[in-house]
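What follows is the residue order along each chain.
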Amino acid sequence: LPVLLSGVVKGPALLPIIQADTPAQAVNIAKALSEGGIGSVEVVLRTREALAGITAIRSALPQLLVGAGTILSASDATAAKNAGAQFLVSPASTPTLLEAMIDCGLPFAPGVATPSEIAMAFEYGLTEVKFFPAHLSGGIEMLKALSSIFQQVRFCPTGGIGQQNLADFLALPNVFVAGGSWLTPAAMVKAGQWQQISQLAATASAIANK
Ligand code: 3PG
């Protein structure tokens with residue numbers, strides 16, 4: 001099995017999403033996050049140039065850990081690895097997807113929202129998963145309920161996390177990192193408001209480092 005994602009995450013226990021239209025924009029977002037204290041980022045494969053964005057960030061900001069998100073197929077996993085992704089995140093879990101990500105050899109977090117999906121991942125030997133969509137799937141209360149059943153499993157919640165609930169998610173013993181898009185609002189990205197993004201990141205980093 002690959003190395004655990006929790007073992008490679010750099011900086012505060014935060015995994016901000018980067019959704020960029022161009023590699024240059026991806027680098028600008030990553031730089032702003034890095035200046036706000038972020039050490040790890042997830043570039044989501046939801047734009048045409050997402051893979052090129054991963055490559056560009058790796059070369060411009062070698063201090064950052066750069067992963068690929070929204071992995072939905074074996075070919076996504078391979079393409080992300082070839083582009084330089086250092087870890088993989090998926091919103092879903094299927095046997096095909098789990099086997100592809102294991103074969104890739106990179107640390108990864110497959111998406112789960114139910115006990116059966118967690119049990120399936122566990123059958124593959126996986127103990128770190130993404131809990132998505134976290135808020136809509138029961139949020140903090142659900143993670144507490146899951147902790148007594150799946151005592152060895154740790155979660156990366158994403159979906160509905162923001163400054164208002166970040167501390168509560170990170171306080172859970174079965175949460176190893178929290179992810180989401182609240183540090184990189186689309187409107188700020190569009191307007192090139194890198195200072196504001198750095199400020200959001202600095203606020204979140206301070207909460208996570210407490
Ligand atoms: C993800 O891919 O993890 C989600 O888009 C994050 O959800 P959020 O936008 O509510 O943070």
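Up top is the structure.
All figures in this text were calculated on a predicted structure; none of them were measured in a lab. (Residues numbered from 1 in each chain as written. Predicted model: local features only at pLDDT ≥ 70, side-chain atom pairs only at ≥ 80, totals over all residues.)

A. Spotlight on the overall build of the protein. What the protein contains, in helices and strands, is 9 helices and 9 strands. Taken over the C-alpha trace, the protein has a radius of gyration of 16 Å; the compact-globule value for 210 residues is 17 Å, and the two agree within 12%. With respect to the principal axes defined by its C-alpha atoms, the protein has extents near 45 × 35 × 25 Å. Within the protein, buried positions represent 45% of all 210 residues. For the protein, the share of sequence-separated contacts (at least 6 apart) that also reach a separation of at least 24 residues comes to 61%. (Helix = DSSP H or I, 4+ residues; strand = E, 2+ residues; numbered from the N terminus. Rg over C-alpha atoms; globule rule 2.2 N^0.38 Å. Buried ≥ 20, exposed ≤ 12 C-beta atoms within 10 Å, placed from the backbone. Contact = placed C-beta atoms within 7 Å.)

B. Region of interest: the sheet that holds strand β7 (residues 128-131). Overall, parallel pairing links the 3 strands, which are arranged β6-β7-β8 in an open sheet. Either end of the sheet is taken by a strand with one partner, and the two such strands are β6 (111-112) and β8 (154-157). Both β7 and β8 contribute to a ladder of 4 bridges, which runs parallel. Across the sheet, the residue bridging to Lys 130 is Cys 156, located in β8. (Pairing = 2+ DSSP bridges.)

C. Summary view of the environment of Gln 86. For Gln 86, the location among the structural elements is in the loop between α3 (74-83) and β4 (87-89). Separated by 122 residues in the primary sequence, Gln 86 and Ala 208 place their C-alpha atoms 22 Å from one another. The contacts of Gln 86, once residues within four sequence positions are left out, are Val 8, Leu 65, Val 66, Gly 67 and Leu 106.

D. Spotlight on the sheet that holds strand β5 (residues 108-109). Strand order in the open sheet made by the 6 strands is β5-β4-β3-β2-β1-β9, with parallel pairing throughout. This sheet does not close on itself; its edge strands, each paired only once, are β5 and β9 (178-180). The sheet contact formed by β4 and β5 spans 2 bridges and is parallel. Residue pairing across strands places Val 89 opposite Ala 109, the latter belonging to β5.

E. Local environment of the packing of α3 against helix α4 (residues 95-104). Between α3 and α4, whose axes approach to 8 Å, the crossing angle comes to 20°. By the criterion of interaxial angle, the relationship of α3 to α4 is roughly parallel. When the axes of α3 and α4 are compared, the crossing they make is right-handed. Residue-level inspection shows Ala 74, Ala 77, Thr 78 and Lys 81 of α3 in contact with α4, the latter providing Thr 96, Ala 100, Met 101 and Cys 104. (Axes fitted to C-alpha atoms, helices over the stretch in contact; angles between N-to-C directions. Parallel < 35°, antiparallel > 145°, perpendicular 65-115°, else oblique. Left-handed = near helix turned anticlockwise from the far one by under 90°.)

F. Molecular detail of unusual backbone geometry. Here Phe 132 and Pro 133 are connected by a cis peptide whose omega angle stands at -10°. Here Pro 133 lies in the loop between β7 and α6 (139-149). Here Thr 70, not a glycine, exhibits a phi torsion of approximately 60°, which is positive. Mapped onto the elements of the fold, Thr 70 is located in the loop between β3 (65-69) and α3.

G. Broad picture of the nonpolar core. Ranked by internal contacts, the top residues of the largest apolar core, which has 69 residues, are Ile 54, Ala 80, Leu 88 and Ala 178. When residues no more than four places from it in sequence are discounted, the contact partners of Ala 80 are Leu 45, Leu 51, Ile 54, Ala 68, Ile 71, Ala 85 and Leu 88. (Core = buried A, V, L, I, M, F, W, Y, C linked by C-beta atoms within 7 Å.)

H. Inspection of the pairing of strand β2 (residues 40-44) at higher detail. Most of β2 sits inside the fold, with 4 of its 5 residues counted as buried. One ladder, built from 2 bridges, connects strand β1 (residues 14-18) with β2; its direction is parallel. Across the sheet, residue Ile 18 finds its bridge partner in β2, namely Val 43. Chirality of the crossover, the property in question, places the unit of β1, helix α1 (residues 23-35) and β2 among those that are right-handed. When β2 meets β3, the two strands line up parallel, connected through 5 bridges. Paired with Val 43 across the bridge in β3 is Ala 68. In terms of handedness, the path from β2 via helix α2 (residues 50-60) over to β3 forms a crossover that is right-handed. (Right-handed = clockwise from strand over helix to strand, strands pointing away.)

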